[in-house]
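# Structural characterization, general
Residues per chain, in single letters:
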Amino acid sequence: MKPAPALRRGLAIFFAMLASLLCIPWNAEAQGVRPDQEGAMDALGSVVCTTPVDCSKKCFAAKKFCVEYAYHPYKPDVGNGALIDCIDTFPPARLGGSYTCLYKYSNGDVCVFSRAAQIGPIHPPAPPPLCVYKS
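Residues numbered from 1 in each chain as written. Predicted model: local features only at pLDDT ≥ 70, side-chain atom pairs only at ≥ 80, totals over all residues. Heavy atoms only, no water.

## Side note on the packing of aromatic side chains
Within this structure, the stated rule accounts for three aromatic pairs. Seen in terms of ring centroids, Phe 60 and Phe 65 are 5.3 Å apart; in terms of plane orientation they differ by 75 degrees. Their pairing is edge-to-face. For Phe 60, a relative accessible area of 36% corresponds to the partly exposed category. Taking the relative accessible area as the measure of exposure, Phe 65 reaches 42% and is therefore partly exposed. Arranged with centres 6.1 Å apart and planes meeting at 70 degrees, the rings of Tyr 71 and Phe 113 form a pair that is edge-to-face. Taken as a pair, Tyr 71 in strand S1 (residues 69-71) and Phe 113 in strand S4 (residues 110-115) lie far apart in primary sequence, 42 residues in all. What makes Phe 113 buried here is its relative accessible area of 9%. (Phe/Tyr/Trp six-rings, centres within 6.5 Å; stacked < 30°, edge-to-face > 60°. Buried < 20%, exposed > 50% of the residue type's maximum accessible area, 1.4 Å probe, protein only. Helix = DSSP H or I, 4+ residues; strand = E, 2+ residues; numbered from the N terminus.)

## Here we look at the confidence of the model for the protein chain
Per-residue pLDDT for the protein chain averages 75, and the proportion of residues at 70 or more is 66%. Here residues 16-41 scores under 50 on pLDDT; set against residues more than four positions off or in separate chains, the count is 47 contacts. (pLDDT = per-residue confidence, 0-100. Contact = heavy atoms within 4.5 Å.)

Here it is as structure tokens:
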């Protein structure tokens, strides 16, 4: 039995955050994607980028409205985190589907801000931000 789409998405986000915490580099060139390509995306619908400004520009182009920097939702003294990725699944964000923005903070924390889908007459609210704390 296949896991539910929400569970698969949650696991994909969790492992993306875990990889960023462990500083595991994603080798874009090995996947045939150059970070400087306009609209470069990996198989998970993730944007391939080099800086927060670059990430934001590519996310906006893919209809994922993630800004370069975001406050820490639970630790205001940490300051702003830098955008490291924006991810969507089926249906894609450009068709009104949901997406997430991942931010990494100076203390090593990573937080995911979700944007709810805008499809159909009923629009459920987005869940609260989810953070993984570096200990």
